[in-house]
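Okay, here's what each chain looks like letter by letter:
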Amino acid sequence: FEFYGIIGTSDAVLRETKRIQKIARSKSTVLIVGETGTGKELFAQALHLNSPRAGKPFKVLNCAAVSETLLESELFGHVKGAFTGAIADRKGLVAAADGGTLFLDEIGDMPLPMQAKLLRTLETGEVLPVGTNDPVYFDVRFVAATNHNLQTLVQSGAFREDLFYRLHAQGAIHLPALRQRREDIPVLVQHFIQQANKEHHSAFTGVS
């Protein structure tokens, strides 16, 4: 089967694809769990494209790739003069995703102070750009992903329990690694061959 770029034959992928179809029309936050390379962003995109927000922006923030000092500005934006180098107002990714979907990759690596601020935004839709106390409101659906066991992080105090349950309201989408769904390998190989043939005007038929 193929669903917005998701390709496979395994029961595991089919099950989670059906779950995405069921929850896509809701406004609830969705958590996607899986190892690196299992296709978490692809599933997030499929969720967005199968939702009423499909014509609106789909924005991505990798929480592990941005320093703690810059993460708040990246997410919520800042006003001119908020810090050294802030020479103009700048909207964050929440504002950029207004009406659409914001995908927060590697949410398990988000620092605790930012987790508290994100929780407030999830609960109220309220955003406080850095350097101002004037809230701004946006309509954004949040999809989060992690390769960590968030329950373990909650137990160790590295992740907020209230944020975990907010993200987990619909239950997590669990994506198994390819080694756990080997039946998907032949159809994925064939897909990539067809893709390569189209891009390079070649005629490969298989691999050995």
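This text goes with the structure placed above it.
Residues numbered from 1 in each chain as written. Predicted model: local features only at pLDDT ≥ 70, side-chain atom pairs only at ≥ 80, totals over all residues. Heavy atoms only, no water.

1. Notes on the pattern of salt bridges
The full count for this structure, using the stated rule, is 9 salt bridges. Put simply, E16 and R19 hold a salt bridge, and the shortest N to O gap is 3.4 Å. Of this pair, E16 and R19 both sit in helix α1 (residues 11–23), separated by 3 residues, roughly a single helical turn. Of the residues examined, R19 reaches a relative accessible area of 24% and is grouped as partly exposed. Here the residues in one salt-bridge network are R15, E16 and R19, joined through shared partners. (Salt bridge = Lys/Arg side-chain N within 4 Å of Asp/Glu carboxyl O. Helix = DSSP H or I, 4+ residues; strand = E, 2+ residues; numbered from the N terminus. Buried < 20%, exposed > 50% of the residue type's maximum accessible area, 1.4 Å probe, protein only.)

2. As for the packing of aromatic side chains
Inspection of the entire model under this criterion finds 3 aromatic pairs. Their ring planes at 70° and their centres at 5.2 Å tell us that F164 and Y165 sit as a pair that is edge-to-face. (Phe/Tyr/Trp six-rings, centres within 6.5 Å; stacked < 30°, edge-to-face > 60°.)

3. Focus on the packing of helix α3 (residues 68–76) against helix α5 (residues 112–124)
Look at α3 against α5: their axes get within 10 Å of each other, and the N-to-C directions meet at 15°. By the angle between their directions, the pair α3 and α5 is classed as roughly parallel. In terms of crossing hand, the pair formed by α3 and α5 is right-handed. Of the residues in α5, those touching α3 at E68, L71, E72, L75 and F76 are P113, M114, K117, L118 and T121. A class-by-class count of the residues in the contact of α3 with α5 yields 6 nonpolar, 1 polar and 3 charged. (Axes fitted to C-alpha atoms, helices over the stretch in contact; angles between N-to-C directions. Parallel < 35°, antiparallel > 145°, perpendicular 65-115°, else oblique. Left-handed = near helix turned anticlockwise from the far one by under 90°. Contact = heavy atoms within 4.5 Å. Nonpolar A, V, L, I, M, F, W, Y, C, P; charged D, E, K, R; others polar.)

4. Description of the environment of L102
Note that L102 resides in strand β7 (residues 101–105). Considering only alpha carbons, one finds L102 and F58, 44 residues apart in sequence, at a separation of 5.9 Å. Non-local contacts of L102, meaning those with residues more than four positions away in its chain, are made with K59, V60, L75, L93, V94, A97, V140, R141, F142 and V143.

5. Observations concerning α3
Residues L71, E72, S73, L75 and F76 constitute the buried set of α3. Phi turns positive, to about 85°, at G77, one or two residues after α3.

6. What to know about the packing of α1 against helix α2 (residues 40–49)
Geometrically, a packed helix pair is captured by the angle between its two axes and the distance between the axes. At a minimum axis separation of 9 Å, α1 and α2 run at an interaxial angle of 35°. Where α1 crosses over α2, the two elements pack in a sense that is right-handed. For the pair α1 and α2, the contacting residues are V13, E16, T17, I20 and I23 in the first and F43, A46 and L47 in the second. Here the residues of the contact of α1 with α2 sort into 6 nonpolar, 1 polar and 1 charged.

7. A few points about the pairing of strand β3 (residues 30–34)
Here β3 lies mainly inside the structure; 5 of its 5 residues are buried. A two-sided burial pattern is seen for β3, the buried positions comprising V30, I32 and G34 on one face and L31 and V33 on the other. Across 4 bridges, β3 lies against strand β10 (residues 141–146) in parallel orientation. When the sheet's bridge partners are listed, V30 is paired in β10 with V143. As paired elements, β3 and strand β11 (residues 173–175) share 3 bridges and run parallel to each other. Each residue of the ladder has a partner; that of V33, found in β11, is H174. (Pairing = 2+ DSSP bridges.)

8. With respect to the nonpolar core
Counting residues in hydrophobic clusters, the biggest one holds 30 residues, and the most contacted among them are L75, L102, L104, I107, L118 and F159. Elements represented by at least two residues in this core include exactly β3, α3, α4 (93–96), β7, α5, β10, α6 (150–156) and α7 (161–167). Examining the composition of this core, we find that 4 residues originate from one element, α5, more than from any other. In terms of nonpolar packing, the next biggest core, distinct from the first, is built from 17 residues, F3, V13, I173 and L175 among them. (Core = buried A, V, L, I, M, F, W, Y, C linked by side-chain atoms within 4.5 Å.)

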